[in-house]
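# Structural characterization, general
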Amino acid sequence: MIRVIVKKQRDSITGFHIEGHSGYAGHGSDIICSAVSALAITCVNSIEEFTEDRFSVETDEERGLVDLEVIAASAETQLLLRSMLLGIQGIETTYGSQYVMIINR
């Protein structure tokens, strides 16, 4: 299962911790893992490309890990993070929480 932990302070998203593999299909064929990874990496790359916000990111392909921590997220970064989460929520709704689960903290 892929666990998506949403990091928050008050009403602002400060980052996310995504870890695991969905187990929906074999390595290289798992559309859920691919979709979640694409959304997360695109979000990180977009924050870097389109904002001036500072952040730290850790990735580990074997663990299926993408961990992002944003320092003082701008409105643009908030929008990018919310957009990524909207996409992952759609995957969770379509395929079920046995494959991907969002946890808000």
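Refer to the structure presented above.
Residues numbered from 1 in each chain as written. Predicted model: local features only at pLDDT ≥ 70, side-chain atom pairs only at ≥ 80, totals over all residues. Heavy atoms only, no water.

### A few points about the nonpolar core
Counting residues in each nonpolar core, the largest one holds 23 residues, and the members touching the most others are Ile2, Val4, Phe16, Ile18, Val36 and Ile88. Taken together, the elements giving at least two residues each to this core come down to strand 1 (2–9), strand 2 (12–19), helix 1 (31–50), strand 4 (65–71), helix 2 (75–95) and strand 5 (100–104). Counting residues per element, this core draws most heavily on helix 1, which supplies seven residues. When neighbours within four sequence positions are excluded, Val4 is seen to be in contact with His17, Ile18, Leu85, Ile88, Val100, Met101, Ile102 and Ile103. (Core = buried A, V, L, I, M, F, W, Y, C linked by side-chain atoms within 4.5 Å. Buried < 20%, exposed > 50% of the residue type's maximum accessible area, 1.4 Å probe, protein only. Helix = DSSP H or I, 4+ residues; strand = E, 2+ residues; numbered from the N terminus. Contact = heavy atoms within 4.5 Å.)

### So, the pattern of salt bridges
According to the stated counting rule, one finds four salt bridges in the structure shown. For the salt bridge of Glu69 with Lys7, the shortest nitrogen-to-oxygen distance reads 3.1 Å. A residue pair is termed long-range when its members are at least 10 positions apart, and Glu69 in strand 4 and Lys7 in strand 1 qualify at 62 residues. Note that Arg63 and Asp60 form a salt bridge whose closest N and O atoms lie 4.0 Å from each other. The exposure class of Asp60 is partly exposed, given its relative accessible area of 26%. (Salt bridge = Lys/Arg side-chain N within 4 Å of Asp/Glu carboxyl O.)

### Observations concerning the environment of Arg3
Residue position: Arg3 is located in strand 1. As a C-alpha pair, Arg3 and Gly64 span 61 residues in sequence and 9.8 Å in three-dimensional space.

### Brief notes about the packing of aromatic side chains
Two descriptors summarise a pair of aromatic rings, namely the distance from one centre to the other and the angle between the planes of the rings. Within the structure shown, the criterion is met by two aromatic pairs. Between Tyr24 and Tyr95, the ring centres sit 5.3 Å apart and the planes meet at 75°, which makes this aromatic pair edge-to-face. In this pair, Tyr24 sits in the loop between strand 2 and helix 1 while Tyr95 sits in helix 2, placing the two residues 71 residues apart along the sequence. Under the relative-accessibility criterion, Tyr24 is labelled partly exposed at 37%. With relative accessibility at 30%, the residue Tyr95 sits in the partly exposed group. Ring plane angle 85° and centroid distance 5.1 Å describe the contact between Tyr24 and Tyr99, whose orientation is recorded as edge-to-face. Of this pair, Tyr24 sits in the loop between strand 2 and helix 1 while Tyr99 sits in the loop between helix 2 and strand 5, and the two are 75 residues apart along the sequence. The structure contains a cluster of three or more aromatic residues connected by ring pairs, namely Tyr24, Tyr95 and Tyr99. (Phe/Tyr/Trp six-rings, centres within 6.5 Å; stacked < 30°, edge-to-face > 60°.)

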